[in-house]
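# Overview (structure and organization)
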Amino acid sequence: MHNVPDLSTPESTYECLGCGTIVTADTHPVECDDCGGSMRDRAMSLE
Ligand SMILES: [Zn+2]
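Our subject in this report is the structure included herewith.

Calculation rules
Residues numbered from 1 in each chain as written. Predicted model: local features only at pLDDT ≥ 70, side-chain atom pairs only at ≥ 80, totals over all residues. Helix = DSSP H or I, 4+ residues; strand = E, 2+ residues; numbered from the N terminus. Buried ≥ 20, exposed ≤ 12 C-beta atoms within 10 Å, placed from the backbone. Contact = placed C-beta atoms within 7 Å. Pairing = 2+ DSSP bridges. Axes fitted to C-alpha atoms, helices over the stretch in contact; angles between N-to-C directions.

Right, let's get into the overall build of the chain. Counting its secondary structure elements, the chain contains zero helices and three strands. Across the 47 residues of the chain, 6% fall into the buried class. Taking all contacts inside the chain whose residues are at least 6 apart in sequence as the whole, residues at least 24 apart take part in 22%.

What follows is the structure in structure tokens.
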């Protein structure tokens, strides 16, 4: 089996509620690497 990069990789952008750091990951970060604050999924905040 080959781990072929998939263009449809479900990466999402997350924003720290504490310091505003933006990170892109395929899983929801538990906390901010910089300040330990809560991360929110930016895609979920769109109205
Ligand atoms: Zn932070």
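There is more to say after this.
The subject of this paragraph is the sheet that holds strand β1 (residues 12–16). Spatially, three strands are ordered β2-β1-β3 in an open sheet, and the strand pairing comes out antiparallel. The open sheet has two edge strands with one neighbour each: β2 (22–25) and β3 (39–41). Sheet twist, expressed as the average angle between the axes of neighbouring strands with direction ignored, equals 35 degrees. As paired elements, β1 and β3 share three bridges and run antiparallel to each other.

With respect to the secondary-structure elements, D26 resides in the loop between β2 and β3. Along the backbone, D26 and P10 are 16 residues apart, and their C-alpha atoms lie at a distance of 5.8 Å.

Take the pairing of β1 next. Look at any regular strand and the pattern is simple: side chains alternate between the two faces of the sheet. The sheet contact formed by β1 and β2 spans four bridges and is antiparallel. In the sheet register, E15 faces β2, and the bridge partner there is I22. Between the antiparallel neighbours β1 and β2 lie five residues, among them G20 with a positive phi of about 85 degrees.

What follows covers the environment of G18. Residue position: G18 is located in the loop between β1 and β2. The class for G18 is partly exposed, based on 14 C-beta atoms found within 10 Å. On a C-alpha basis, the gap between G18 and M39 in space is 8.3 Å, while along the polypeptide they are 21 residues apart. Discounting chain neighbours no more than four positions away, the residues touching G18 are C32, C35 and G37.

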